[in-house]
Amino acid sequence: LRGRPSNRKLDPAVAAEALRILRDAKCHDFAPTYAADMLARDHGIAISRETARQLMIEAGLWKPKARRIEPHPWRQRRECFGELVQMDTSIHEWFEGRGETADLIAMIDDATSRIMMRFYSTDSTLTNMDLIRRFLRQNGRPLAIYADRASHFKTTRQATEVEQLAGREAETQIQRALRELDIEYIAAHSPQAKGRIERAFKTAQDRLVKDLRLRDISTIEEANDFLECEFIPWWNRELTQPPAQPTDAHRRIAGHDLNVILSRQTTRTVANDHTIQHNGQRYQIARKSITAGLRRAKVTVEERLDGRLLIRFKGR
């Protein structure tokens, strides 16, 4: 075979077509790994990552980088699926200025790296509760959630009289909900402590941004459809690993009313005219709902995830 081309040499026509695609303005920041995946997925051009890398280097589309090895403390994964879930929010220019701004909230299993993520217009108590509810309905209750000390997870206020009498520290709405669901909340003290989800966001900020760009996605609704139909299934198929132990540590949600537990709950006092004050508004309790002992009593106001406002008195 001396002097003859290799039988495994890439067809020049295929190489030319691959480079034509990669020279498009939308592909200006593609790395070889993502470029190879995109060519196979969207154009049926199956080339290896290294072949894509060599083609891009020769065409001036990629500059080789020296690998930096950064030492970091190693923590063993939890052994069982559902034993620990890391949760966080990534604030990033996901649509690159094409449309509305969005925050990506994600939950990733520590043992397997299985992920659930969703775009929201804001990072708040109710949006975090919404993702937790979706996670619980799909998987069940994990043993613990590992999250940062953001204000909707950890509060700096003093405990109320009711919390003190119950022997509890001051709680946020999410802490209260997790306690009622018997899910331990573990507060991280640094971003490095949540390494698994921080690395997941790094991957998403690279690949997901490019996927959204290629599809001209610029709205939260379209982006969430793409996450559900394509990105999350790809992640859970390609970037996960089996747990060290086959036991599923998730517990059933039966017996827990998620609509009640995962709501913003505040205590109000009923006035003599059977009204309450809430968020600067006065609400009148309907005559048919008035019962003995309601006047001057404490009631719980629930702001549900579906937008409804309910008043609860003695479990009713």
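Everything that follows concerns the structure shown earlier in this document.
Residues numbered from 1 in each chain as written. Predicted model: local features only at pLDDT ≥ 70, side-chain atom pairs only at ≥ 80, totals over all residues. Heavy atoms only, no water.

Caption draft 1: Structural context of the overall build of the chain. The number of helices and strands found in the chain is nine helices and 10 strands. The C-alpha atoms of the chain give a radius of gyration of 26 Å, which is well past the 20 Å a tight globule of 316 residues would have. Counting only C-alpha atoms, the chain reaches 100 × 40 × 35 Å along its principal axes. By sequence separation, contacts in the chain at least 24 residues apart represent 66% of the contacts at least 6 residues apart. Seen as two clouds, the 54 positive and the 44 negative side-chain charges of the chain have centres 2 Å apart. (Helix = DSSP H or I, 4+ residues; strand = E, 2+ residues; numbered from the N terminus. Rg over C-alpha atoms; globule rule 2.2 N^0.38 Å. Contact = heavy atoms within 4.5 Å. Lys, Arg positive; Asp, Glu negative; His and termini not counted. Charge placed at Lys NZ, Arg CZ, Asp CG, Glu CD.)

Caption draft 2: Molecular detail of the packing of helix α4 (residues 125–139) against helix α6 (residues 173–180). Contact pair α4 / α6: the axes reach a minimum separation of 10 Å and the direction vectors enclose 25°. Overall, the two elements α4 and α6 adopt an arrangement that is roughly parallel. Residues Thr125, Asn128, Met129 and Ile132 of α4 touch α6, and the partners they reach there are Gln173, Ile174, Arg176 and Ala177. Residue classes in the contact of α4 with α6 are distributed as four nonpolar, three polar and one charged. (Axes fitted to C-alpha atoms, helices over the stretch in contact; angles between N-to-C directions. Parallel < 35°, antiparallel > 145°, perpendicular 65-115°, else oblique. Nonpolar A, V, L, I, M, F, W, Y, C, P; charged D, E, K, R; others polar.)

Caption draft 3: Region of the structure containing a nonpolar patch on the surface. Residues Tyr283, Leu309 and Ile311 make up a contiguous nonpolar surface patch of roughly 220 Å² in combined accessible area. One can find Ile311 in strand β10 (residues 309–312). (Patch = residues over 30% accessible without salt bridge, like charges linked within 9 Å, V, L, I, M, F, W, Y side chains within 5 Å. Areas by Shrake-Rupley, 256 points an atom, 1.4 Å probe, with all protein chains shown as cover. Salt bridge = Lys/Arg side-chain N within 4 Å of Asp/Glu carboxyl O.)

Caption draft 4: Structural view of unusual backbone geometry. Even without being a glycine, Glu96 presents a positive backbone phi close to 50°. Residue classification places Glu96 among the partly exposed positions, given a relative accessible area of 35%. A positive phi angle, close to 50°, is found at Lys314, a residue other than glycine. Within the fold, Lys314 resides in the segment after β10. (Buried < 20%, exposed > 50% of the residue type's maximum accessible area, 1.4 Å probe, protein only.)

Caption draft 5: Up close: a negative patch on the surface. On the surface, a cluster of negative charge is made up of Glu100, Glu221, Glu222 and Asp225. Among the structural elements, Glu100 can be located in the loop between β1 (85–91) and β2 (103–109). The exposure class of Glu100 is partly exposed, given its relative accessible area of 36%.

Caption draft 6: Geometry of the pairing of strand β4 (residues 144–147). Side chains of β4 alternate between two faces, with Ala144 and Tyr146 and Ile145 and Ala147 buried alike. Inspection of the sheet shows β4 paired to strand β5 (residues 184–187) by four bridges, in the parallel sense. When the sheet's bridge partners are listed, Ile145 is paired in β5 with Tyr185. (Pairing = 2+ DSSP bridges.)

Caption draft 7: The arrangement of the sheet that holds strand β9 (residues 298–303) in detail. Ordered by their spatial adjacency, three strands build an open sheet running β6-β9-β10, and the pairing between neighbours is antiparallel. The strands lining the two open edges of the sheet, one partner per strand, are β6 (264–269) and β10. Averaged over all adjacent pairs, the angle separating strand axes in this sheet is 30°, with direction ignored. Across six bridges, the pairing between β6 and β9 is antiparallel. Looking across to β9, one finds that Arg268 is bridged to Val299.

Caption draft 8: Structural context of the nonpolar core. Grouped together as the largest cluster of nonpolar side chains are 25 residues, with contacts concentrated most on Leu104, Phe119 and Leu208. Elements supplying a minimum of two residues to this core: β2, β3 (115–120), α7 (195–214) and α8 (220–238). Sort the elements by how many residues they give to this core and α8 lands first, with eight residues. Beyond its immediate stretch of four places on either side in the chain, Leu208 contacts Trp94, Leu104, Phe119, Thr203, Phe226, Leu227 and Phe231. In terms of nonpolar packing, the next biggest core, distinct from the first, is built from 24 residues, Met107, Ala147, Ile261 and Leu262 among them. (Core = buried A, V, L, I, M, F, W, Y, C linked by side-chain atoms within 4.5 Å.)

Bear in mind that shape data such as this cannot, by itself, settle questions of function.
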